[in-house]
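These are the residues of each chain, in order.
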Amino acid sequence: MMTLPLVFRGDARPFVVIGGGVVASRKVQTLVKAGADVKVIAKSADAAVAHLEQQGKIRLEVREANASETFEQGSLVVIATNDSELNEALAVSARQQGCLVCRTDRKEDSDFAFPAVVDRSPVLVAISSSGTSPALTRHLKQRIEAFLPQEYRQLGELVEALRERVKTRLALPLRAPFWRKLMASQVPELVLARQPERANAVAKSLLSGQSDTHGEVYLVGAGPGDPDLLTFRALRLIQSADVVFYDRLVGPGVMALISPDAERIYVGKAKSDHAVPQDDINQHLVDAAKQGKRVLRLKGGDPFIFGRGGEEIERLAQYGVPFQVVPGITAASGCAAYSGIPLTHRDHAQSVRFVTGHLRNNTCNLPWDELVHPNQTLVIYMGLSGIVEICHQLIANGMDEQSPIALVEKGTLPDQKVHISTLADMPELISSTEIQAPTLTIIGSVVTLHSKLAWR
Ligand code: SAH
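Draft legend 1. Summary view of the pattern of salt bridges. The full count for this structure, using the stated rule, is 30 salt bridges. Of the charged contacts in the structure, one is a salt bridge between Arg-153 and Asp-119, with a shortest N-O distance of 3.9 Å. Of this pair, Arg-153 sits in helix H5 (residues 152-169) while Asp-119 sits in strand E6 (residues 116-120); the two residues are 34 residues apart in sequence, bridging distant segments of the chain. Among the salt bridges present, the one from Lys-293 reaches Glu-263, with a minimum N-O distance of 4.0 Å. Separated by 30 residues along the polypeptide, Lys-293 in the loop between helix H11 (278-290) and strand E13 (294-299) and Glu-263 in strand E10 (residues 263-266) bring together distant segments of the chain. On the basis of relative accessible area, Lys-293 is assigned to the partly exposed category, the value being 26%.

Draft legend 2. Broad picture of the packing of H5 against helix H8 (residues 196-207). With their axes 11 Å apart at the nearest point, H5 and H8 run at an angle of 20° to one another. Classed by the angle they form, the pair H5 and H8 counts as roughly parallel. You can see that H5 and H8 cross each other, and the crossing is right-handed. Residues Leu-158, Leu-162, Arg-165, Val-166 and Arg-169 of H5 pack against Ala-199, Asn-200, Ala-203, Lys-204 and Leu-207 of H8. Among the residues making up the contact of H5 with H8, the classes are represented as six nonpolar, one polar and three charged.

Draft legend 3. Broad picture of the site of the ligand. Taken together, 18 residues lie near the ligand, and Asp-302, Ile-305, Thr-330, Gly-411 and Thr-439 sit nearest. The backbone of Ala-331 places a nitrogen or oxygen atom 2.8 Å from an oxygen atom of the ligand. Gly-411 is positioned such that a nitrogen or oxygen atom in its backbone is 2.8 Å from a nitrogen atom of the ligand. Alone, the ligand offers 550 Å² of accessible surface; in the complex the protein occludes 93% of this.

Draft legend 4. Examining the sheet that holds E10 more closely. As summarised here, the arrangement of the five strands in space is E10-E9-E13-E8-E14, forming an open sheet in which the pairing is parallel. Looking at which strands have only one partner, the edges of the open sheet turn out to be E10 and strand E14 (323-326). Each adjacent strand pair in this sheet contributes to an overall mean axis angle of 15°, direction not counted. Examined bridge by bridge, strand E9 (residues 243-246) and E13 share four bridges and lie parallel to one another. Bridging from a neighbouring strand, Val-243 pairs with Val-295 of E13. H11 rests against strand E8 (216-221), E9 and E13 of the sheet, and its axis sits at about 155° to E13.

Draft legend 5. Summary view of the sheet that holds strand E16 (residues 376-381). Taken in spatial order, the five strands line up as E15-E16-E19-E17-E18 in an open sheet, and their pairing is mixed. Where the open sheet ends on each side, the last strands, each with one partner, are strand E15 (351-356) and strand E18 (417-422). Direction aside, neighbouring strands of the sheet carry axes that sit 20° apart on average. Relative to E18, strand E17 (residues 404-409) runs antiparallel, the two being bridged by six bridges. Bridging across to E18, Val-408 finds its partner in Val-418. Sitting on the sheet, helix H15 (residues 387-396) is in contact with E16, E17 and strand E19 (439-443), with an inclination near 160° to E17.

Draft legend 6. The environment of Gln-195, seen in detail. Mapped onto the secondary structure, Gln-195 falls in the loop between helix H7 (187-192) and H8. Overall, Gln-195 belongs to the partly exposed group, its relative accessible area being 22%. When the C-alpha positions of Gln-195 and Thr-30 are compared, they lie 31 Å apart, and in sequence the two are 165 residues distant.

Criteria and cut-off values
Residues numbered from 1 in each chain as written. Predicted model: local features only at pLDDT ≥ 70, side-chain atom pairs only at ≥ 80, totals over all residues. Heavy atoms only, no water. Salt bridge = Lys/Arg side-chain N within 4 Å of Asp/Glu carboxyl O. Helix = DSSP H or I, 4+ residues; strand = E, 2+ residues; numbered from the N terminus. Buried < 20%, exposed > 50% of the residue type's maximum accessible area, 1.4 Å probe, protein only. Axes fitted to C-alpha atoms, helices over the stretch in contact; angles between N-to-C directions. Parallel < 35°, antiparallel > 145°, perpendicular 65-115°, else oblique. Left-handed = near helix turned anticlockwise from the far one by under 90°. Contact = heavy atoms within 4.5 Å. Nonpolar A, V, L, I, M, F, W, Y, C, P; charged D, E, K, R; others polar. Near = heavy atom within 4 Å. Polar contact = N/O pair within 3.5 Å; in protein donor to acceptor, adjacent residues only side chain to side chain. Areas by Shrake-Rupley, 256 points an atom, 1.4 Å probe, with all protein chains shown as cover. Pairing = 2+ DSSP bridges.

Structural data, given as structure tokens:
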């Protein structure tokens, strides 16, 4: 069956809905929402339909429909009784009177159908599987519902509010290019980030012919590696950036989502090999935004956890560059989940502590006595090269040398590995096994749960 999706003006033609069940009731509600003139013929009406009649929004005839109903010229007739013979006869009769028919019991005998709708009025997304699979349509609707933020409604309203002004200001040939420029600017993202005043200001300056010099920086957490762990907002910003400054820890799956038109600048550092000094990174972000670019600063994990994200936005704030911060799943959460090691557990740990094991002058200065604590899980970021020293210090400060310890290598990535040992045996494991960065260390009795809870 070939079908054509059209957008129909709600009040273009009268609608008649025949039937009193749930299906009919839903159609009536959809039609009323679209401002349609609706007559309902039903043996009995459910509460929703009765309420619409009381509000004067529909006309309701409580009676049995008969096969030879007379329909107003040009009506659209929705036939939804539970009597298929009656439906058949009504369809024939309606068509003889020049009406279009939608039969809810037989799609193949329908002239029109109602698509599933994702409603961000005035923006509507209609989904149809041409009658082949309501389940597929529902599945798609759920995905689009989740992906399209409610704020698209406000974007639609902003555009609607601007329409008249554009008509008076711009000659016809300039209008379409203006709308394209508006959509490619940061206006949509400002609306989605609930900053309507700034969105309006940028839209108006674009309309008055100024170029888009309102750059912005998005400091976005890319999570531990698996791109499925990105937030919706992170994904949107990744796809809309003009220039991307990224680090070593951003996984290839996430990098693949960046627009092919965006400029990519690597500013990552490997241990002791500082590709770009932090101060220069901070300044690059300011400079790119000042050129009016949408600048994505993409960081592994969460930007505010051992990510120096704070320093970068301090510089932005100092220069008056607008920015947004999008949290990401930090390595501790990602590695814990994907290795089946809950960071807290009523029988094992009531607190969790995140520390950095980064070495300075070959030692790490950590408050060892505070780390040796019963019922506490210790998560050590950047601890791989100092792991032997860390194990020695913890034992020296009173931690049981049989305490379980896990190294989660390349957590959440397809080649993730989990190495389990004890504080006493870890130096031996390290010397006999090749372990690659990034690796996260988890210490505490929760590690024993891995043997039961590992699911990947
Ligand atoms: N901001 C990041 C942490 C940056 S520090 C976050 O929130 O996750 C870098 C350290 O994070 C690495 O040395 C390693 O210990 C840890 N790490 C990051 N990604 C990891 C991964 N996929 N698997 C294991 N550890 C990871």
